[in-house]
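The chain contents come next:
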Amino acid sequence: MNPFYSVSNIGTLYVPTACRDAVFARGRVKLFAHQDLVHLGRISTHIERGGVAVVEGDWAQIMVVMDYIRRHKSAVTPAHAYKSGSRAKGNRHLRPGGSISRARLEEAYARFLCWADADGTLQLEPPPDLPYLLEFIGEPPGANEGHPFLVPVASVQRIQSALETAYPVNVLDASLVASENVLAPRSQETVECFQEALQGVVSTLFNRTGSPEPVTVADIGCGCGVLTLLARQELGADVTLSASDLLSEAAATTKLNIRRICPEDTDIQVMLPGDLFEAFPSHQAFDLILFNAPWVVARARNRSELGIHDEKQRTLERFFAQAPNFLKPEGTILLGYADASGPKAIENMERIIASAGFRVRDVFKRRVATRRSKRKWEWIRVYVLERDFPIAGPSSG
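Being a predicted model, the structure only gives us computed values, none of them experimental.

**Considerations on the sheet that holds strand 15 (residues 286–292)**
- Across the sheet, seven strands lie side by side as 14-13-12-15-16-18-17; this open sheet has mixed pairing. Looking along the sheet, the strands with just one partner apiece sit at the ends: strand 14 (268–270) and strand 17 (358–369). Going across the sheet, the axis of each strand differs from the next one's by a mean of 15°, ignoring polarity.
- Pairing geometry for strand 15 and strand 16 (residues 327–338), over six bridges, is parallel.

**Some words on the pattern of salt bridges**
- Inspection of the entire model under this criterion finds 17 salt bridges.
- Between E107 and R111 there is a salt bridge, with the nearest N and O atoms lying 3.3 Å from each other.
- With relative accessibility at 30%, the residue E107 sits in the partly exposed group.
- Note that E135 is salt-bridged to K255, the shortest N-O span being 2.9 Å. Remark: K255 occurs in helix 9 (residues 248–261) and E135 occurs in helix 5 (residues 133–136); sequence separation between them is 120 residues.
- Judged by its relative accessible area of 6%, E135 is buried.
- On the accessibility criterion, K255 (22% relative accessible area) is partly exposed.
- Within this structure, D67, R70 and R71 form a network of salt bridges that share partners.

**Thoughts on the side chain of D310**
- Tracing the sequence through the fold places D310 in the loop between strand 15 and helix 10 (314–322).
- R318 provides the closest opposite charge to the buried, salt-bridge-free D310, at an N-O distance of 6.0 Å.
- If sequence neighbours within four positions are ignored, D310 has contacts with P294, V296, V297, A298, T315 and L316.

**Points about the packing of helix 3 (residues 59–71) against helix 4 (residues 102–109)**
- Following both chains from N to C, one finds helix 3 and helix 4 inclined at 145°, their axes separated by 10 Å at the closest point. Once helix 3 is placed against helix 4, the crossing between them reads as right-handed. For the pair formed by helix 3 and helix 4, the contact residues are M66, I69 and R70 on the first element and L105, A108 and Y109 on the second.
- Residue classes in the contact of helix 3 with helix 4 are distributed as five nonpolar, no polar and one charged.

**Quick notes on unusual backbone geometry**
- Look at the link from E125 to P126: it is a cis peptide, with omega at -5°.
- Examined against the element boundaries, P126 turns out to sit in the loop between strand 8 (124–125) and helix 5.
- Of note in the backbone geometry, L276 takes a positive phi value of approximately 50° without being a glycine.
- When its relative accessible area of 7% is taken as the criterion, L276 is described as buried.
- Notably, Q313 is not glycine yet its phi reads approximately 55°, a positive angle.
- Assignment of secondary structure puts Q313 in the loop between strand 15 and helix 10.

Reading the values: the criteria
- Residues numbered from 1 in each chain as written.
- Predicted model: local features only at pLDDT ≥ 70, side-chain atom pairs only at ≥ 80, totals over all residues.
- Heavy atoms only, no water.
- Pairing = 2+ DSSP bridges.
- Helix = DSSP H or I, 4+ residues; strand = E, 2+ residues; numbered from the N terminus.
- Axes fitted to C-alpha atoms, helices over the stretch in contact; angles between N-to-C directions.
- Salt bridge = Lys/Arg side-chain N within 4 Å of Asp/Glu carboxyl O.
- Buried < 20%, exposed > 50% of the residue type's maximum accessible area, 1.4 Å probe, protein only.
- Lys, Arg positive; Asp, Glu negative; His and termini not counted.
- Contact = heavy atoms within 4.5 Å.
- Left-handed = near helix turned anticlockwise from the far one by under 90°.
- Nonpolar A, V, L, I, M, F, W, Y, C, P; charged D, E, K, R; others polar.

So, in structure tokens, the structure goes:
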């Protein structure tokens, strides 16, 4: 599908994946700008009939329109639910009493959009400061190919709301933000364990390189960037850092936190979004790899669970299938993992580590309280892993 669409009075726009079904349906895409925003009925009727409303202008008034859509079920009931001027009986999306299902509300919000220019500046008054906007809505950087792009109004609202909360990280003496779908750095214990592990390997890490070249470090699954920033703090300036994540919004969050905490640092590279080592050249190898692995052995139901859930520990298996190809012969891996899924998950993790040719040199751990009724405590661990020589050969993957 061609991801570009022409809208009158704007021109050619890039349509993000989340909007495409709505925009490329048969409904008309219409711009409602500035003074048009006071016509709540016109906008809601346009959406009701299957159209897409693109808005620009006063943000407060756009919120009024959004609230109108939420409150008026006629604005979110699809056109096919009306027959001969009356509502069709048995519409499964309408609950008793006329209230609407969440699915129908989300469907309406998918047809209520604003737009940003090619540089990502939203055409709102006042324009919000949202750098990396295209990435925050789940698109790879540059996907718009220099064109303006559409953004669901609901997405802007959720991103702004998420970024308003700052999470203090004690060992960094700073607070970080986490956008929608990105794991927030709530666990002080996890960061403390990684800090101890980094302090435990720092001397051997620098003595091992034996060359004037800087130590190279990769943070895989960087999330909000907390471990990237921790590595910079603990390992110092003579380290080249690379961070990667599957989610565009996580890579964007890491870039935003780097800009907030250490804006002058030019030796931290945030890679294009990709699964595990996908973003790195095949010849690249690191002295140290950080990986706070997803620790809940369950299927991820949405994007926000990808950083936590790992069905059948497949992500962990893929990491250790690929890691030997990106680690220098005497390199080290710091692996974060919790026993939230029980002893069998830990046993399988240890089997995966050994099968990949690694041994545990050290473990740093904390016991933390849980909110689960059947299990009051769990252990957070950071494993210091080194190759268990001799090695038959690097794994493929």
